[in-house]
Amino acid sequence: MAKFVVAGKANCPYYAKAELLADYLQTNLPSFRVHKITQHPDKWEWLHDICETNGWKHSQSPIIWRELLDRGGKGQLLGGLNDFLEYSQKFYGITSMMLSDEMLAIAEENLQAHLEIVKEDEEIKSLINPMQIWITSASAPICYHLIPLLANGEVFGMTTEISIHLLDTEQFKEMLRGIVMEAEDMAFPLLRSISEHTKTDQAFIDADVIIVLDDVLLNLEVQSLENYIREVSEICQVYAPLIEKNAKSEVKVISSGKTFANLKATMLRMYGPSIKPENIIAISTSWESAAKAMLARKLNMNTAGVKDMIVWGNITGSNYIDLSHAKLYGYECAIRGPPNFQRPLLNMIYDSEWIHSELVSAQSTLSSRVSRCKGMLPAHAVATVLRYWYHGSPSEEIISVGILSEGQFCIPEEIIFSMPVRLQNGNWEAMTELEINETTQKVLWRLAHELVQEKLVALKEINEMHPYEAE
């Protein structure tokens with residue numbers, strides 16, 4: 001048995017001639033076998049490495065050697081194309097009469113085929129390499145509910161494996177270990193690994209997605225709002241440089257939790273200027289869902305039928321529930337239609353006094369409902385927005401997300417503000433085509449002013465803590 005290796009540049013016409021001759025010999029000679037190695041022209045330094053390993057001297061494409069299958073050891077160098085032609089003529093009485101034009105045409109085909117194979121291999125490897133997901137403050141109840149939603153394949157796709165990294169302080173190490181063991185016992189097919197981390201300096205390594213759940217327990221009778229803002233700022237001051245240093249360049253960062261969701265996203269943006277601003281968002285879906293449920297109970301209908309409600313402003317602070325674009329699907333009324341038939345919500349609620357007294361003024365009620373939840377609602381909110389971010393939101397549906405303002409809807413720039421967006425192909429776009437009335441615009445200005453003041457307080461605290469850096 002004779003086994004030959006034919007290696008060369010993908011665009012080399014001499015390699016094309018050698019490989020076709022080798023194919024012909026393998027087809028017509030039962031004891032002849034060939035293995036072909038195609039290298040991209042830019043990676044032909046491979047030749048130096050293979051020659052150094054085997055003690056050969058060869059500098060051109062192609063290189064051909066014989067594998068000594070019968071007695072082992074390193075291969076026996078034959079040489080280049082002319083050496084192979086001479087060997088084939090001498091031992092087998094066969095040679096190649098391929099013309100130069102044919103050699104060049106096949107070389108071009110070889111290069112294109114090689115590039116397609118490389119691209120396909122990279123796509124396959126991207127599926128094999130698990131997506132790296134980091135969750136901070138992972139001892140929070142939301143994390144416990146979030147892990148199954150991330151691992152079941154519905155968020156990132158049924159072919160995408162994931163690795164989850166749980167980050168928290170040393171005091172929660174045993175709790176994290178218990179979560180890890182339970183997740184491993186559930187044997188999710190797409191969960192490649194799950195691990196706990198308590199050393200901050202090792203956080204966010206190769207992260208594709210970072211979910212920031214850190215909260216502060218607000219009690220204004222104990223300390224001032226400024227002190228709580230300082231705590232949030234200090235957390236972000238630690239996280240942001242680590243994200244810049246350790247995470248992937250396209251990392252997506254999600255701010256969630258019960259307090260300061262907008263401010264956390266804003267501070268991460270400030271302390272991490274190299275993080276793409278469009279890749280930092282805050283989740284407002286919990287508020288949206290709670291408000292939809294309140295309306296559904298009033299209308300005695302399924303909550304899933306309430307759509308296109310907008311949450312404006314500060315997600316975990318002062319916000320505005322806008323019903324001017326909201327629609328009802330599947331609502332039982334005098335006019336019926338197919339499943340996609342919808343009615344304007346404001347036309348279906350005849351008790352306008354209820355809207356103003358109960359819903360628009362229900363900030364404290366909704367806040368209480370959201371803050372008392374055990375983790376299921378915010379976990380579902382994070383998973384839903386992540387799924388939309390990677391696979392697109394429903395084309396005709398309005399989704400509220402806290403994004404970096406660029407002046408949309410006359411909102412001041414450089415603050416994270418919840419507004420209506422559509423998500424597609426890993427990006428979001430503010431739905432600036434939506435019309436808002438004068439009353440709503442005044443509310444937005446007030447909410448924006450509050451967020452600007454909150455940001456200024458954070459900057460003031462930063463300047464007082466690090467006066468030399470501020471200068």
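This text goes with the structure placed above it.
Residues numbered from 1 in each chain as written. Predicted model: local features only at pLDDT ≥ 70, side-chain atom pairs only at ≥ 80, totals over all residues. Heavy atoms only, no water.

A. Summary view of the nonpolar core. The biggest cluster of nonpolar side chains holds 60 residues, and the ones touching the most others in it are Ile-135, Leu-150, Leu-166, Ile-211, Leu-386 and Phe-417. It is helix H13 (residues 376-391) that provides the largest number of residues to this core, a total of eight residues. Not counting residues within four places of it along the chain, the set of residues in contact with Phe-417 comprises Asn-262, Trp-312, Gly-313, Val-401, Gly-402, Ile-403, Ile-411, Leu-444, Leu-447, Ala-448 and Leu-451. (Core = buried A, V, L, I, M, F, W, Y, C linked by side-chain atoms within 4.5 Å. Buried < 20%, exposed > 50% of the residue type's maximum accessible area, 1.4 Å probe, protein only. Helix = DSSP H or I, 4+ residues; strand = E, 2+ residues; numbered from the N terminus. Contact = heavy atoms within 4.5 Å.)

B. Highlighting the side chain of Asp-208. Locating Asp-208 in the fold gives a position in the loop between strand E7 (191-197) and strand E8 (209-212). Here Lys-248 takes part through its side chain, which lies 3.1 Å from a polar atom of the side chain of Asp-208. Residues within four places of Asp-208 in sequence aside, it is in contact with Pro-130, Met-131, Gln-132, Lys-248, Glu-250, Val-251, Lys-252 and Tyr-390. (Polar contact = N/O pair within 3.5 Å; in protein donor to acceptor, adjacent residues only side chain to side chain.)

C. Structural view of the packing of helix H1 (residues 13-28) against helix H3 (residues 81-92). One can describe the packing of H1 onto H3 by two numbers: an axis separation of 10 Å at closest approach and a directional angle of 20 degrees. Taken together, the axis directions place H1 and H3 in an arrangement best described as roughly parallel. The handedness of the crossing between H1 and H3 is left-handed. Residues Tyr-14, Lys-17, Ala-18, Leu-21, Ala-22 and Leu-25 of H1 pack against Leu-81, Phe-84, Leu-85, Ser-88 and Tyr-92 of H3. For the contact of H1 with H3, the class distribution of residues is nine nonpolar, one polar and one charged. (Axes fitted to C-alpha atoms, helices over the stretch in contact; angles between N-to-C directions. Parallel < 35°, antiparallel > 145°, perpendicular 65-115°, else oblique. Left-handed = near helix turned anticlockwise from the far one by under 90°. Nonpolar A, V, L, I, M, F, W, Y, C, P; charged D, E, K, R; others polar.)

D. Layout of the sheet that holds strand E11 (residues 306-307). Strand order in the open sheet formed by three strands is E11-E14-E15, with antiparallel pairing between adjacent strands. Each edge of the open sheet carries a strand with a single partner, namely E11 and strand E15 (342-344). (Pairing = 2+ DSSP bridges.)

E. Representation of the pairing of strand E18 (residues 427-430) within the structure. What you see with E18 is a clean split: Trp-428 and Ala-430 sit on the buried side and Asn-427 and Glu-429 on the side with no burial. Where strand E17 (residues 416-424) and E18 come together, four bridges link them in antiparallel fashion. In the sheet register, Leu-423 faces E18, and the bridge partner there is Trp-428. The hairpin formed by E17 and E18 contains two residues between the paired strands, and Asn-425 there has a positive phi angle of roughly 55 degrees.

F. Expanded view of the pattern of salt bridges. A complete count under the given rule lists 14 salt bridges for this structure. The residue Lys-276 makes a salt bridge to Glu-250 at a minimum N-O spacing of 2.4 Å. Of the two residues, Lys-276 is situated in the loop between helix H8 (261-271) and strand E10 (280-283) and Glu-250 in the loop between helix H7 (225-246) and strand E9 (252-255); the sequence distance between them amounts to 26 residues. Classification of Lys-276 by relative accessible area gives partly exposed; the value is 30%. With a relative accessible area of 44%, Glu-250 lands in the partly exposed category. Close ionic contact of Asp-308 with Lys-327 constitutes a salt bridge, the shortest N to O distance being 2.9 Å. (Salt bridge = Lys/Arg side-chain N within 4 Å of Asp/Glu carboxyl O.)

G. Structural context of the sheet that holds strand E3 (residues 63-67). The mixed open sheet is built from four strands, whose spatial order is E2-E1-E3-E4. In this open sheet, the two edge strands, each paired with only one partner strand, are strand E2 (32-39) and strand E4 (76-79). The mean angle between the axes of side-by-side strands here comes to 25 degrees, regardless of whether they run parallel or antiparallel. By the bridge criterion, eight bridges tie strand E1 (residues 2-9) to E2 in an arrangement that is parallel. Pairing of Ala-2 across the sheet is with Phe-32, part of E2. Strands in contact with H1 are E1, E2 and E3; relative to E2, the strand with the most contacts, it is inclined by about 155 degrees. The strands touched by helix H2 (residues 46-54) within the sheet are E1, E2 and E3, with E3 carrying the most contacts at an inclination of about 35 degrees.

Everything listed here is a matter of geometry and, on its own, says nothing about what the molecule does.
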